[in-house]
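Residue-level structural notes
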Amino acid sequence: MAKKEKTSAGRNLSKVVGDAYMDLHAKAAHGAFVVWIAINVPAELFLGFENVVYGVPESHAALTAAKGVGVLQCEKAEQMGYSMDLCSYARIDIGSVADGGKDSPTFGLPKPDLLVSDNNNCSLLVKWFDVHHRRMGVPHFVIDVPFCYEPQKEKDRKYIIQQFNDLIRTIEEMSGQKFDMDKALSAVSNTSEGVVHWKRFLSFAQQRPSGITAFDSFVQMAPFLVARGTLQFVDHYKLLADETEQRVKDGQFPVPDEKYRLFWDNIAPWHQLRDMSGSLAKLGANIVGATYTSCIGTVEGSFALYAFDGKDPLEYCARTQNCYMCPHGMKLRGQAMQTVIEELNIDGIVFASNRSCKPYSVTQLDQQKLMMDQFGIASVMIDVDHADARKYSKESTFTRLEALLEQIEAKRAA
Amino acid sequence: MSMKIDINKKLKLLKKDGRKIIGCFPLYPPLELFYAMDLVPVVLWGLRGTVTDTTESDQHLQNYTCSVARHLTEFVLSNTSGLLDGLFMYNACDTLRNLPEIIEKKSETNGHALSLIKVHIPMVLPSQTDASAYFKNEINHLIEELEERFDVSFSKDKFVEAVKQIKHIRNLMTRAENRVAKGHLRFLNFADAIHECRFSTIDEQARLLESLIDDFSDDPAFLADKDSRPGVILSGILPPPPSVINSIESSGLQIVGNDIASLGRSYASMPETREDPAAYFLDFYYQHFPCPTLLYTGDRRTTSLFGLVEKTRAKGVIFIGEKFCEYEYFEFPHLVQQLRDKGVQTLEVEIAIEDDAQTSAHNSRISAFAELLKS
């Protein structure tokens, strides 16, 4: 593997994330209206207000796990009575909140004035936010997004828009601030423009050897969760895509001796990014893409860019509510996966069965069979937990990953 | 559930007269609507005693999904004799929402394609969003779909009749529960009867429940010390296995109430009779006895449990945790704390799919809990 030097986009990422958390704490301290949201809640709506800021517990939990303190925070929640079987993001968040953000890499999140969850990525999020609602006595707004077995229906989109309007009204009433649709439109435009660059960045995985690894893309997702809708967001993803393009032109590849091109299905294993990417690279394997990162900026059933037409921001936000993998079904997931596997010339799929994320993992056994039977793709199922390192075994994982590489070799030899 | 109910036999009997059977999940489907349209809904929940293993289900579901999902999948996929004419499901937890496609695909492969009908029950908080128009559309669409797929028709008169019948059944279930609380009926017999009702016609349900209510062949030994037994409430998504129920009752505890999804929560709601199914079911879902699966009932859960404790004068609550049921497990710590603050003792018992090995551990904990309540 080529020696990993920090890229300009890597340095900028640290700045974007650092600035976002600093800004969040500073504005909250100066009286901003603070909202905690689930990742699917359209953050652009909050930019339609003068002084509303948002924190994303899931993102904070992922960062906590990546910084190596996930287990510590999980244990705090478990001591409070929360089962070890519950989602590790939730346990990290509950543990972190319990002692005011002690041990958090960002000093936690400032106390919210409103909690906004949704049930499309996972419905347990509503229960998780209910924990805070009860403990902190903070109102909880629930956005109900119908699951998509088929492409999103108009009746469902209208229902989602109705709820966005109710959310806006709720914030207006609680904060005393007026919502400005033009500002929200500008925020959605910025997100959409940033997503164009994100897609451009991901497209360098089509190179052989790939210009990126999925591990790079996992890390680079952070601005989606802390800076959506801002100009900084656009600039960052432009920098990322431009720099990656230049590196490819210069012949700089993350796994120069790439022999196996793999595809990842599930949330990133935040506690293993460095170790797993390094160990795979030594085997000549690169996970070049992932469902987790490909679905951003799309609609259910496709990984193609779904661009904003510049008209109605609420309509756009509603239309993209099911874009992540969990809010839509097996058939649509398979459809999107098949296309990207062809585009990226994938040799094998790593299905990461994630004990902390049932909505992502249930159907993987069928999906694996479908990919093998219908498209002849080699694959393997490994056990992970996205944020609880105690539920991960490197030995067993790499035994299976090596078996996958052997499958690929056998297929090539046949 | 005990093993004495042969579900397949029950389904064959239901099928005998040419009735069309709709398997439903999760727990609170619009039963009245199916009955009004001459369909027989059977709620596919608590099938632990019905399937002997999870061989087929294990091909599709990981071992960290709950037993409800695994048994349900096993039951439907291994039941290839065409007993079910269709499957109905509404949105519930993160595991169950993925089952329809798994079942649909495998059923097709098995050559027994099942008609699958899905409805979205709004989960918004009524104080935040008025979902009545959306819900009305869902119910109207469901009626159209049932008419089209099963060649049946809807009539307001038959709907009102079905509403009255179901209300009668729910009343009988409540009366049977009261007999358990008074020590005249064993909880296991009661739970078995409610389970059997789910696979019976309305008339059969009424007969079964009436015989339970009218049965005065009390167990003298059980009845003798009923007043000295500390009362407990069971709470969970399913009743505990027979061994745990026996352990609770033989430890000298009296089950005086239940907050169990497949029992008390499912028959506690009796909305006003209405001709309009959308209006009726809007009341049904939004006034429903709190259940973690109905996300908007979260704020009422603690109050309703307190109410149950007060009404039954229970000294303790035993939480029956279904392993991997995240909905329930997110709420336990809060409920436990709140109850303890009010001086109500609590015990958590976790039931996993392969739980036979845990029996003695459960028994010891239940005995210790009983001693605590008696002291």
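What you see as residue numbers is a count from 1 along each chain, following the sequence as written. Each chain gets a letter, beginning with A, and each ligand a number, beginning with 1, in the order they are written. Side-chain atom pairs in this predicted model are given and counted only at pLDDT of 80 or more, local residue features only at pLDDT of at least 70, and totals for whole chains, interfaces and linings cover all residues. As a rule here, side-chain values cover all heavy atoms of the structure and leave hydrogens and water aside.

1. Considerations on the overall build of chain A
For clarity, the cut-off: Only DSSP runs of H or I with at least four residues qualify as helices, and only runs of E with at least two residues qualify as strands; both kinds are numbered from the N terminus onward. Buried means the residue's accessible area, taken with a 1.4 Å probe over protein chains only, is under 20% of the maximum for its type, while exposed means over 50%, and partly exposed covers the values in between. By definition in these notes, contact holds between two residues if any of their heavy atoms fall within 4.5 Å. The Shrake-Rupley method, run with a 1.4 Å probe sphere, supplies the accessible areas, and residue values consider only the shown protein chains as cover. Positive: Lys, Arg. Negative: Asp, Glu. His and the chain ends are not part of the count. Charge positions come from single atoms, namely NZ of Lys, CZ of Arg, CG of Asp or CD of Glu.
Of regular secondary structure, chain A possesses 17 helices and eight strands. In chain A, which comprises 414 residues, the proportion classed as buried is 64%. For chain A, the share of sequence-separated contacts (at least 6 apart) that also reach a separation of at least 24 residues comes to 77%. Entry remark: accessible area of chain A is about 14,900 Å², with carbon and sulfur atoms responsible for 52%. Computing the positive centroid from 45 side-chain charges and the negative centroid from 51, chain A places the two 2 Å apart.

2. Some remarks on the side chain of Asn98(B)
Put simply, the rule is: Here a polar contact is recorded for every N or O atom pair within 3.5 Å, except that within protein the pair must consist of a potential hydrogen donor and a potential acceptor, and residues adjacent in sequence are included only if both atoms are side-chain atoms.
With respect to the secondary-structure elements, Asn98(B) resides in the loop between β3 (86-90) and α4 (99-110). In this structure Asn98(B) comes out as buried when scored by relative accessible area, which is 0%. Here Asp94(B) takes part through its backbone oxygen, which lies 3.2 Å from a polar atom of the side chain of Asn98(B). Setting aside residues no more than four positions away along its own chain, Asn98(B) makes contact with Phe147(A), Arg333(A), Pro359(A), Val362(A) and Thr363(A).

3. Considerations on the confidence of the model for chain B
Spelled out, the test is: Each residue carries a pLDDT score, the predictor's own confidence in it, on a scale running from 0 to 100.
Summary statistics for chain B give a mean pLDDT of 93 and a share of 98% for residues scoring 70 or more. Among the scores for the predicted complex, ipTM is 0.95 and pTM is 0.96.

4. As for the sheet that holds strand β3 (residues 114-118) of chain A
Note: strands within a sheet are paired through backbone hydrogen bonds, in either parallel or antiparallel orientation. Residue and element names in this part refer to chain A. Definition in use: Here the rule is simple: two strands pair whenever DSSP picks up at least two bridges between them. Only C-alpha atoms enter the line fits that serve as axes; for helices the fit covers just the stretch in contact. Angles between N-to-C directions range over 0 to 180 degrees.
If you trace the four strands from one edge of the open sheet to the other, you get β2-β1-β3-β4, paired in parallel fashion. Strands at the two margins of the open sheet, each flanked by one partner only, are β2 (52-55) and β4 (140-143). In this sheet, adjacent strand axes meet at a mean angle of 25° when their direction is disregarded. Sheet topology places strand β1 (residues 33-37) next to β2; four bridges connect them, and they run parallel. Each residue of the ladder has a partner; that of Val 34, found in β2, is Val 53. Each of β1, β2, β3 and β4 touches helix α6 (residues 154-175); the most contacted strand, β4, lies at about 165° to it.

5. Focus on unusual backbone geometry
Of the consecutive residues Arg208(A) and Pro209(A), the connecting peptide bond is found in the cis state with omega at 0°. Residue Thr363(A) is not a glycine yet carries a positive backbone phi of 95°. Mapped onto the fold, Thr363(A) is located in the loop between α15 (358-361) and α16 (364-375). In this model, Asp151(B) sits at a positive phi of 55°, which is unusual for a non-glycine residue. Here Asp151(B) lies in the loop between α5 (132-150) and α6 (156-181). By relative accessible area, Asp151(B) is classed as exposed at 69%.

6. Considering the pairing of β1(A)
The two faces of the sheet receive side chains in turn, since in a regular strand these alternate between them. All names here are of chain A. Burial analysis of β1 places five of its five residues in the buried class, which makes it a mostly covered element. By the alternation rule, side chains of β1 split into Phe 33, Val 35 and Ile 37 and Val 34 and Trp 36, which are all buried. Sheet topology places β1 next to β3; three bridges connect them, and they run parallel. When the sheet's bridge partners are listed, Val 35 is paired in β3 with Leu 114.

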